[in-house]
Amino acid sequence: MAEELRELRLAKSIPAKDMVSVVQALYPKYDKTVQSKCENGDAYGVVLRQDAMDALYARFAPELKEALQRRRKDRHRLTCRISARLESELFQALQQRMEADGYATAQEWITAMAKLYTQGGTP
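Overview of the structure. If you're wondering where the values come from, they're calculated on a predicted model, not measured in any experiment. (Residues numbered from 1 in each chain as written. Predicted model: local features only at pLDDT ≥ 70, side-chain atom pairs only at ≥ 80, totals over all residues. Heavy atoms only, no water.)

Here we look at the side chain of Gln35
1) Next: Turning to its location among the elements, Gln35 is positioned in helix α3 (residues 32-39).
2) Next: Setting aside anything within four residues of it in sequence, one finds Gln35 in contact with Leu5, Arg9, Ala16, Met19, Val20 and Tyr30. (Helix = DSSP H or I, 4+ residues; strand = E, 2+ residues; numbered from the N terminus. Contact = heavy atoms within 4.5 Å.)

Set out below in structure tokens:
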């Protein structure tokens, strides 16, 4: 986020005071000192909140805002997810059984089990 803030300011040649005035609409105590700390977040441990960053993009670079939103979205074709935590022994046994049954990945096995279960079968 710190690099993103600095890159926006430098790429668009935006004076820091202009960026500060946009963020001050959301956070009145935000000032140039905090701006500097946010731009050097690794050194200070300070990060600008996402709503403030969105406001800066909306004001100074709306064309970049859309590109960033697309980049942040999940790019997987299969977007729904399930997961579980298992004891080590059960996990090892499951992996061995999946391999013996010809499943190359846990994804394949979970998909097969979900199809079987939703069609009324019991795994």
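Examining the pattern of salt bridges
1) Next: Under the definition given, this model contains four salt bridges.
2) Next: A salt bridge links Arg9 to Glu39; the nearest nitrogen and oxygen atoms lie 2.6 Å apart. Remark: Glu39 occurs in helix α3 and Arg9 occurs in helix α1 (residues 2-11); sequence separation between them is 30 residues.
3) Next: Overall, Glu39 belongs to the buried group, its relative accessible area being 7%.
4) Next: Residue Asp101 is joined to Arg97 by a salt bridge in which the shortest nitrogen-to-oxygen separation is 3.1 Å.
5) Next: Note on Arg97: relative accessible area 55%, which makes it exposed. (Salt bridge = Lys/Arg side-chain N within 4 Å of Asp/Glu carboxyl O. Buried < 20%, exposed > 50% of the residue type's maximum accessible area, 1.4 Å probe, protein only.)

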